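# Residue-level structure breakdown
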Amino acid sequence: MTITIKFVGALRHITGKSQMTVECSTNFSIKDLIQKLILYIPTLETNIINPQDNVVKNNVLILINDREIGVLNGIDTLLVNGDEVVFISVVHGG
């Protein structure tokens, strides 16, 4: 199956890409996708994953078809053919 990946904000600069497609097997989760992306783009690991607890950093939003994964099944959310996954680096300030 084919998944479209988009990178927004700082992640676009880190990856050097705004969009890419990835071929995945069935029963492929967001967690699997992140692991696959890190193989292609190793710099993503330190920018998406918190090394202390191996979870997605608080300043990264992940959307599947415009829905944040927190309202789905988190990183265990399964992907289907044609899904669009958007990684957004959020900058906090005040």
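Summary of the structure given here. Everything numeric here is computed off the predicted structure, so don't read it as measured data.

The next subject is the pattern of salt bridges. Close approach of charged atoms lets side chains of opposite charge pair. Throughout the structure, instances matching the rule amount to one salt bridge. Lys6 is the salt-bridge partner of Glu84, the closest N and O atoms lying 3.1 Å from each other. Within this pair, whereas Glu84 is found in strand E7 (residues 84-89), its partner Lys6 is found in strand E1 (residues 2-8), the two being separated by 78 residues in sequence.

On to the sheet that holds strand E6 (residues 67-68), then. One open sheet holds the five strands; their spatial order is E2-E1-E7-E5-E6, and the pairing between them is mixed. Each having just a single partner strand, strand E2 (19-23) and E6 make up the two edges of the open sheet. Pairing between E1 and E2: five bridges, direction antiparallel. Within E2, the position partnered with Lys6 by the bridge is Gln19.

What follows covers the layout of surface pockets. Volume-wise, the largest pocket comes out at about 150 Å³. Forming the walls of the largest pocket are Lys31, Ile34, Gln35, Ile38, Glu45, Ile49, Asn54, Val55, Val56 and Ile75. Only helix H2 (30-40) and strand E4 (55-56) provide two or more residues apiece to the lining of the largest pocket. Ranked by residue count, the leading element in the lining of the largest pocket is H2, at four residues. Residues of the lining of the largest pocket, tallied by class, amount to six nonpolar, two polar and two charged.

What follows concerns the side chain of Ser29. Take Ser29: it is sitting in the loop between E2 and H2. Residue Ser29 is classed as buried on the basis of its relative accessible area of 8%. Setting aside residues up to four positions removed in sequence, Ser29 forms contacts with Ile75, Asp76, Thr77, Leu78 and Leu79.

The biggest cluster of nonpolar side chains holds 25 residues, and the ones touching the most others in it are Ile5, Leu33, Val85 and Phe87. Secondary structure elements with two or more residues in this core: E1, E2, H2, helix H3 (44-48), strand E5 (60-64) and E7. When residues of this core are assigned to their parent elements, the largest contribution, five residues, is made by H2. Sequence-distant contacts of Val85, defined by excluding residues within four places in its chain, comprise Ile3, Thr4, Ile5, Lys6, Ile30, Leu33, Ile62, Leu63, Ile64 and Leu79.

What follows deals with the pairing of E5. Along any regular strand the residues' side chains alternate between the sheet's two faces. Taken across its five residues, E5 has four buried, putting it largely inside the fold. In terms of strand pairing, E5 meets E7 through five bridges, oriented antiparallel. Across the sheet, Ile64 pairs through a bridge with Val85, a residue of E7. When E5 meets E6, the two strands line up antiparallel, connected through two bridges. Note that in E6 the partner of Leu63 across the bridge is Glu68. Between the end of E5 and the start of E6, which pair antiparallel, lie two residues, with Asn65 showing a positive phi angle near 50°.

Here is what the cut-offs are and how they apply
- Residues numbered from 1 in each chain as written.
- Predicted model: local features only at pLDDT ≥ 70, side-chain atom pairs only at ≥ 80, totals over all residues.
- Heavy atoms only, no water.
- Salt bridge = Lys/Arg side-chain N within 4 Å of Asp/Glu carboxyl O.
- Helix = DSSP H or I, 4+ residues; strand = E, 2+ residues; numbered from the N terminus.
- Pairing = 2+ DSSP bridges.
- 1 Å grid on protein atoms, 1.4 Å probe; cavity = no way out; pocket = protein on both sides within 12 Å on 5 of 7 lines; lining within 4 Å.
- Points joined across faces, edges and corners; volume = space filled by probe spheres on them.
- Nonpolar A, V, L, I, M, F, W, Y, C, P; charged D, E, K, R; others polar.
- Buried < 20%, exposed > 50% of the residue type's maximum accessible area, 1.4 Å probe, protein only.
- Contact = heavy atoms within 4.5 Å.
- Core = buried A, V, L, I, M, F, W, Y, C linked by side-chain atoms within 4.5 Å.

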